[in-house]
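A look at the structure
Next come the chains, spelled out residue by residue.
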Amino acid sequence: MRTTTVQVDAMTLAATLAGDDRLPPLLLLHGWPHCRHLYVPVIDALGGHAFAMALDLPEIGESRGPPPSSGKAALADVAITAAERLGGSRPVVAGIDVGGMIAYAAARYHGGRIAGAMVMNTAVPGLDPWDEVMANPAIWHFAFHRVPSLPEALVAGRQRAYFDYFIDALSRDRQAIGSDVRRRFAEAYRRPEALRAGFEWYRAMPEDAKRNRECVPFDTPLAYVRGDADPADLQEYLAGLRAGGAVNPAGSLIPRSGELLPLENPSAFVATVLAFMRRANASGH
């Protein structure tokens, strides 16, 4: 495991790398309220079989410089460009939470530049069951985070307590998420620019949903993965992906895990990612 930075336009993106750059590339994307340290427990194991790259998304953690847009298609372009400049041409893109939304956008809007995409533990804006998820009162924070300026004012200086609420609510076993990684997540959003960048992902979701609702067939290999602690119906998510244009998406559950898959069940996460990489790279896409 080693760290570096990569320049994309006016952005400097921090990355953790593992593995030889002659191996099949794998781009790992975090969500909210995470940073690239989400993947520390798994990146060396992945690096034994892949050129693994975990990014801090623009303005998060050690990355600096705002993206051209917080729309997920634009963020996918930034992330893929970073991977290419790091030496990972045509990567498999795997993302959790908002990172999963970006992975979906990579497959749908930039499919020719990637080998495949894994959408993990998230609903994709505009695709079933998006409207049902948004109507769930337990998902109150999506609406709150879209309010202009107010989330920044209320959360600034309280990142650790606020983020711990979601980590505890969304993990199968909150004890599996140690204090060091919790501290790193809070520190990654300490800067006002970072906090704003995270909330801007939510503010862009209505436009993401509008774009995604138009069915555009694409054959980029796609997998949908959830931790089995979530009672959601996996088949409902796969049906939504097919309705959006994905050709034959695969689905799987990671056992003994909630949302934070690499932290809660690292070995199963590694096995699931590597199995999909083999299928995607053998598909001829």
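1. What to know about the sheet that holds strand E6 (residues 116-120)
Strand order across the open sheet formed by eight strands is E1-E2-E4-E3-E5-E6-E7-E8, with mixed pairing between neighbours. Here the strands that pair on one side only, and so sit at the sheet edges, are strand E1 (2-8) and strand E8 (250-254). Strand-to-strand twist of the sheet, defined as the mean angle between neighbouring strand axes without regard to direction, takes the value 25 degrees. Sheet topology note: the E6/strand E7 (residues 222-227) ladder contains four bridges and is parallel. The residue bridging Val119 from the neighbouring strand is Tyr224, located in E7. Against the sheet, helix H1 (residues 40-47) engages strand E2 (11-18), strand E3 (25-29) and strand E4 (51-55), with an angle of about 65 degrees to E2. Contacting E1, E2, E3 and E4, helix H2 (residues 72-85) crosses the sheet at an angle of about 120 degrees to E1.

2. Topic: the packing of H2 against helix H3 (residues 98-109)
Two numbers describe how H2 lies on H3: the axes approach to 8 Å, and their chain directions differ by 85 degrees. With respect to each other, H2 and H3 are oriented roughly perpendicular. Seen from H2, the contacting residues are Lys72, Ala73, Leu75, Ala76 and Ile80; seen from H3, they are Val98, Met101, Ile102, Ala105, Ala106 and Tyr109. When the residues that make up the contact of H2 with H3 are grouped by side-chain class, the tally is ten nonpolar, no polar and one charged.

3. With respect to the pattern of salt bridges
What the rule picks out here adds up to 18 salt bridges. Across the salt bridge formed by Arg22 and Asp20, the nearest N and O atoms sit 2.8 Å from each other. The class of Arg22 is exposed, set by a relative accessible area of 73%. Taking the relative accessible area as the measure of exposure, Asp20 reaches 31% and is therefore partly exposed. Here Glu59 ties to Arg191 by a salt bridge, and the two come within 3.2 Å at their closest N and O atoms. Highlighted residues: Glu59 in the loop between E4 and H2 and Arg191 in the loop between helix H8 (179-188) and helix H9 (192-203), separated in sequence by 132 residues. For Glu59, a relative accessible area of 8% gives the class buried.

What counts and what doesn't
Residues numbered from 1 in each chain as written. Predicted model: local features only at pLDDT ≥ 70, side-chain atom pairs only at ≥ 80, totals over all residues. Heavy atoms only, no water. Pairing = 2+ DSSP bridges. Helix = DSSP H or I, 4+ residues; strand = E, 2+ residues; numbered from the N terminus. Axes fitted to C-alpha atoms, helices over the stretch in contact; angles between N-to-C directions. Contact = heavy atoms within 4.5 Å. Parallel < 35°, antiparallel > 145°, perpendicular 65-115°, else oblique. Nonpolar A, V, L, I, M, F, W, Y, C, P; charged D, E, K, R; others polar. Salt bridge = Lys/Arg side-chain N within 4 Å of Asp/Glu carboxyl O. Buried < 20%, exposed > 50% of the residue type's maximum accessible area, 1.4 Å probe, protein only.

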